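Each chain, letter by letter, is given below.
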Amino acid sequence: MEILEDRLAVWDNAEACVSFASGLAGITTTILAYTKPGDCIIYTEPLYGGTHHFLEHELKKWDVHAIAIPAGVRLTSKHEKRVREQMDGRALALALVETPANPTNRLVDLADISNMIAHLTADQDPKRRVPLCVDNTFLGPLFMHPLEHGADIVLYSATKFIGGHSDVVAGAALGDADVLMPIRTLRTFLGNMLSPMDGWLLMRSLETLKMRMSISQQNARVVAQWLKDHPAVTHVHYLDLIPANHPMRDVYDRQCLGSGSLIAFEVRGGESGAFACMDRMQLIKTAVSLGGTESLVEHPASMTHAGMSAEDKARLGVTSGLIRFSVGVECVDDILADLSNALAHL
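Residues numbered from 1 in each chain as written. Predicted model: local features only at pLDDT ≥ 70, side-chain atom pairs only at ≥ 80, totals over all residues. Heavy atoms only, no water.

J.: Before we move on, can you summarise helix α5 (residues 110-120) with the specific residues and values?
T.: All of the buried residues in α5 are L110, D112, I113, M116, I117 and L120. Considered in projection along α5, the buried side chains sweep an arc of 155° and stay on one side of the axis. Elements in contact with the buried residues of α5: β2 (40-45), β3 (65-70), α4 (77-87), β4 (92-98), β5 (132-135) and α9 (247-255). Capping the start of α5 is the job of one residue whose side-chain oxygen sits 3.0 Å from the backbone nitrogen of A111: D109. (Buried < 20%, exposed > 50% of the residue type's maximum accessible area, 1.4 Å probe, protein only. Helix = DSSP H or I, 4+ residues; strand = E, 2+ residues; numbered from the N terminus. Arc of directions from axis to C-beta. Contact = heavy atoms within 4.5 Å. Polar contact = N/O pair within 3.5 Å; in protein donor to acceptor, adjacent residues only side chain to side chain.)

Below, the structure written as structure tokens:
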């Protein structure tokens, strides 16, 4: 486990790493290590459905209040004012960012979040650390390095790109050793550390990480352009397609080293259209995971984000016709042929 953690730290130029039995184990342990009853945290939305449930339902049992701020926009003083009002005198304990956001690929400017934390904690005890935690599962550790942009802790579901073969469930937190010490300590007593066998599998996977992610990204760029021009597709959410005049384009160019291989696209016909499209796919499989060598699709509204209210789904762009597509390393012509057949009857 220690060997794996040392190797993972190299990818993000981090001082240390703490590995976990799952990505959600890493996220929840990090939050619990830095919060206490009466605190509040801020988080960006949308984000992974399991994380959203923990923030909005489980944390309330410990009297920790979670405050949502939007991804995909530049944060202003109006956002900060609204957060301060919702804090209602509580201490800010932590900020959690998922960028790009799951499943819509909306970006978050880490500099904006860092500035907001500084303003909101100006009157708090300066000895209390308020870490900025970034879930970098979608792009990292190849295409974004959050520690270089103000993050204190980088979080991964190592099940995804780091594992890359759909045969291991794991998570990781990276950062300075002193920042990770409360997390490492709590992991000991929660008992949610990574198993030796899974550590060995991840070390195997690291040997091909750059190759796998690079080929998947190469394929995804071709697929995204193809989807954008298809008459049955109403919208494509992919980082390379952010318009030059969009405020998030600057964030993408400044903060990211690549566009990755996650595409979200909306089809005509809502849920029935999305289901019909997915049912007709043969090469591309349906599963809630992502980041493996094989191409996978899922329907967020009824799968990963099913627990969200209809109002939240509508507000966050998790529409009934949205399909999340993790593009794999197969021949791109085969991927396009499968998509063409799946979309032909919409």
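Having put the structure on the table, let's press on.
J.: Describe the pattern of salt bridges, naming the residues involved and giving the relevant values.
T.: One pass over the full model with this rule turns up 19 salt bridges. Measuring nitrogen to oxygen at the nearest pair gives 3.7 Å for the salt bridge that ties R84 to E80. Here E80 and R84 lie together in helix α4, a separation of four residues that amounts to about one turn. A relative accessible area of 39% places R84 in the partly exposed class. Accessibility expressed as a relative area gives 16% for E80, which makes it buried. Ionic pairing is found between D229 and K228, a salt bridge with its closest N-O pair at 3.7 Å. Relative accessible area serves as the criterion here: at 58%, D229 is assigned to the exposed category. Through salt bridges with shared partners, a single ionic network connects R74, D109, D112, D250 and R254. (Salt bridge = Lys/Arg side-chain N within 4 Å of Asp/Glu carboxyl O.)

J.: Can you break down the nonpolar core residue by residue, with the values?
T.: One finds L8, V83, L107, I113, L174 and L202 to be the most contacted residues of the largest nonpolar core, which totals 57 residues. Element by element, the count of residues in this core is highest for α5, at five residues. With residues near it in sequence (within four places) discarded, L202 still touches L4, A158, I162, G163, V168, A170 and L194. In terms of nonpolar packing, the next biggest core, distinct from the first, is built from 27 residues, A232, F265, M278 and F325 among them. (Core = buried A, V, L, I, M, F, W, Y, C linked by side-chain atoms within 4.5 Å.)

J.: A description of the pairing of strand β7 (residues 171-175) should follow, citing residues and the corresponding values.
T.: For β7, a buried count of five out of five residues is recorded, marking the element as mostly surrounded by other parts of the structure. Every second residue of β7 is oriented toward a common face, with G171, A173 and G175 on one face and A172 and L174 on the other, all of them buried. Pairing analysis gives five bridges linking strand β1 (residues 16-20) to β7, with the strands arranged antiparallel. Among the inter-strand pairings, C17 is bridged to a residue of β7, identified as L174. Strand direction decides the pairing type here: strand β6 (residues 153-157) and β7, joined by five bridges, are antiparallel. Paired with Y156 across the bridge in β7 is A172. (Pairing = 2+ DSSP bridges.)

J.: Tell me about the sheet that holds strand β12 (residues 322-326), and please be specific about residues and values.
T.: The five strands lie next to each other as β8-β9-β12-β11-β10, forming an open sheet whose pairing is mixed. Taken across any chain shown, the strands that pair with only one partner, and hence form the sheet edges, are β8 (233-237) and β10 (285-286). As judged from the four bridges shared by β8 and strand β9 (residues 262-267), these two strands associate in the antiparallel manner. Bridging from a neighbouring strand, H237 pairs with A264 of β9. Contacts from helix α8 (residues 209-228) reach β8, β9 and β12 within the one sheet, and its direction differs from that of β9 by about 15°. (Axes fitted to C-alpha atoms, helices over the stretch in contact; angles between N-to-C directions.)

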